Amino acid sequence: MARKRKNRTHVKDLPGTSDNTPKSFVIKHGQVGRSLTQLVHDMRKVMEPNTASRLRERARNKLKDYIVLAPALHVTHLLAFTLTDVAPSLRIIRLPGGPTLSFRVERYSLVKDMLNSVKRAKSVGLEYLSPPLLVLASFPPPGPNALPHLSLVMKTFQSLFPPLSPGTISLSSARRVVLISYNPEKDTIDFRHYLISVKPHGVSRRVRKVLEGVASSSKKSSSSGFLDLGNERDVADFLLRKKGEPDLGGGYESAASDVSSVAGGEGDAVSLASDYVGRNNKKGQKKAVKLDEIGPRMELRLIKITEGLPGKEGGVIYHDIVKKTNKEINALKAAATERERLKRQRREEQERNVEKKKAKSEQVDEGEDATSDDTVDDEEAGGNDDWDDEEEISEGEEEDGGASQSEVESEPEPQRPTKKARPRGHR
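Here is what the cut-offs are and how they apply
Residues numbered from 1 in each chain as written. Predicted model: local features only at pLDDT ≥ 70, side-chain atom pairs only at ≥ 80, totals over all residues. Heavy atoms only, no water. 1 Å grid on protein atoms, 1.4 Å probe; cavity = no way out; pocket = protein on both sides within 12 Å on 5 of 7 lines; lining within 4 Å. Points joined across faces, edges and corners; volume = space filled by probe spheres on them. Helix = DSSP H or I, 4+ residues; strand = E, 2+ residues; numbered from the N terminus. Nonpolar A, V, L, I, M, F, W, Y, C, P; charged D, E, K, R; others polar. Buried < 20%, exposed > 50% of the residue type's maximum accessible area, 1.4 Å probe, protein only. Pairing = 2+ DSSP bridges. Contact = heavy atoms within 4.5 Å. Expected span 1.5 Å × (residues − 1). Arc of directions from axis to C-beta. Phe/Tyr/Trp six-rings, centres within 6.5 Å; stacked < 30°, edge-to-face > 60°. Lys NZ or Arg CZ within 6 Å of the ring centre and 35° of its normal.

You'll find the protein entered in an unreviewed UniProt entry as Brix-domain-containing protein, with Thelephora ganbajun given as the organism.

Structure below.
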């Protein structure tokens, strides 16, 4: 019998993912509270599936550890949350060379806060299998009069998410929206996260319940998820009765009177280019698109933009609090250039020292080899200490040798003590 192969739990490549897809780490470092820790987990949900959703931080891990590890895992962005004396802080680090954007989190709301604030919360699950769509709003258009730091902020947020390709994107993969909007009055950036839902257009809420087969929260709904119309005399009693009116005749209203409040106006209606997720969402049908906020929500204030990475910062591109004159900026640039020159000089000097040590060690090895070769040649030339057969022995030496030989022969050899035989006993 052939062995059954297990395929259900195998990890498969998601559509639209490639090596150029931006990947991110969302971490917390330092002492943070429970609320900010939950915000980190919520942001990982937003960045899915191109993030490490189960990344575990340890107290001994430093920010440098993640910066060193990230390029080996093809991670392009690092979102680091920390708690300062003023407010929570968020740093978006572009790897491997920077820049680093530092934000102050003025206010934020968690996912659980957003779900508790609505009457009917959406159950979210499969929507996180595809990356969200990015929408930038209220940013000034690029031009000579535009602020340069806002253009850099726009490009940073655009690089966080995969680029949108209308020709290759699947309509069923568009499930979520991330809205980044600029508030010129407060000079802040609002972060919002929405869920896309598609509803029938041109029908009232009760008609939509019949079409979708959704049970309401009243006692007339069955536990199986379908409407219970057994106590109604006619389907018009359910569709056209006013809200809160008892089951009596009369008092009907038109279905079009409830359409505007439920499904929106004509501007919300779109024709589906292909099949979408959900019941009766086929290609070519006219549907109303609705956005439901699922969180988290943040209000960010840009504090600083620096070149390079934390610990290896270069020049300061923008600072919201500290303002410097052109003379001070030029002095800082000159100091940074001098530091780079000294660093490069020390590196070159270290490389030269290493080359000198290598050359010296090679010379020492060659000298030792030459010395060992000379010694071997000398031993081969005159180092034979064996007696020659024709060499004469003097008489005194011969007599001494004979006497010593007779003395050796006359001395009795010591006998080794005999071993006593041990009786073999039973073990």
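Caption draft 1: Geometry of empty space enclosed by the protein. A complete count under the given rule lists three cavities of 30 Å³ or more for this structure. Roughly 90 Å³ of internal volume is contained in the largest cavity. Contributing elements (two or more residues each) for the lining of the largest cavity: helix 4 (148–160), strand 7 (188–200) and strand 10 (297–309). Considering only residue class, the lining of the largest cavity consists of seven nonpolar, two polar and three charged. Taken as a whole, the second largest cavity encloses approximately 50 Å³ of empty space.

Caption draft 2: Examining the pairing of strand 2 (residues 77–83) more closely. Most of strand 2 sits inside the fold, with six of its seven residues counted as buried. Pairing geometry for strand 1 (residues 24–28) and strand 2, over five bridges, is parallel. By the bridge assignment, I27 is partnered in strand 2 with A80.

Caption draft 3: The arrangement of the side chain of R192 in detail. With respect to the helices, strands and loops of the structure, R192 is situated in strand 7. We classify R192 as buried; its relative accessible area is 17%. Every residue in contact with R192, bar those within four places of it in the chain, is listed here: V177, V178, L179, E293, P296, R297 and M298.

Caption draft 4: Region of the structure containing helix 4. Taking 1.5 Å per residue, 13 residues should reach 18 Å; helix 4 reaches 19 Å between its end C-alpha atoms and fits that length. By the burial criterion, the buried members of helix 4 are H149, L150, V153, M154, T156, F157 and L160. Each buried residue of helix 4 lies within a common arc of 160° when the element is viewed along its axis, so the set occupies one face. Away from its buried face by more than 90 degrees, helix 4 exposes P148 and K155.

Caption draft 5: View of the packing of aromatic side chains. Counted under the stated rule, the structure contains two aromatic pairs. Between the aromatic rings of F103 and F157, the centroid separation amounts to 6.1 Å while the plane-to-plane angle is 45°, which identifies the pairing as tilted. Of this pair, F103 sits in strand 4 (residues 100–109) while F157 sits in helix 4, and the two are 54 residues apart along the sequence. Of the two residues, F103 and F157, neither departs from the other in class, the shared state being buried. Geometrically, the ring pair formed by F139 and Y182 is stacked, given 5.8 Å between the ring centres and 25° between the ring planes. Here F139, found in the loop between strand 5 (133–137) and helix 4, pairs with Y182, found in strand 6 (residues 176–183); they are 43 residues apart in sequence, far enough to count as distant. For the pair F139 and Y182, one class covers both residues: buried. Between the NZ or CZ atom of K45 and the centre of the ring of Y128, over which it lies, the distance is 5.2 Å.

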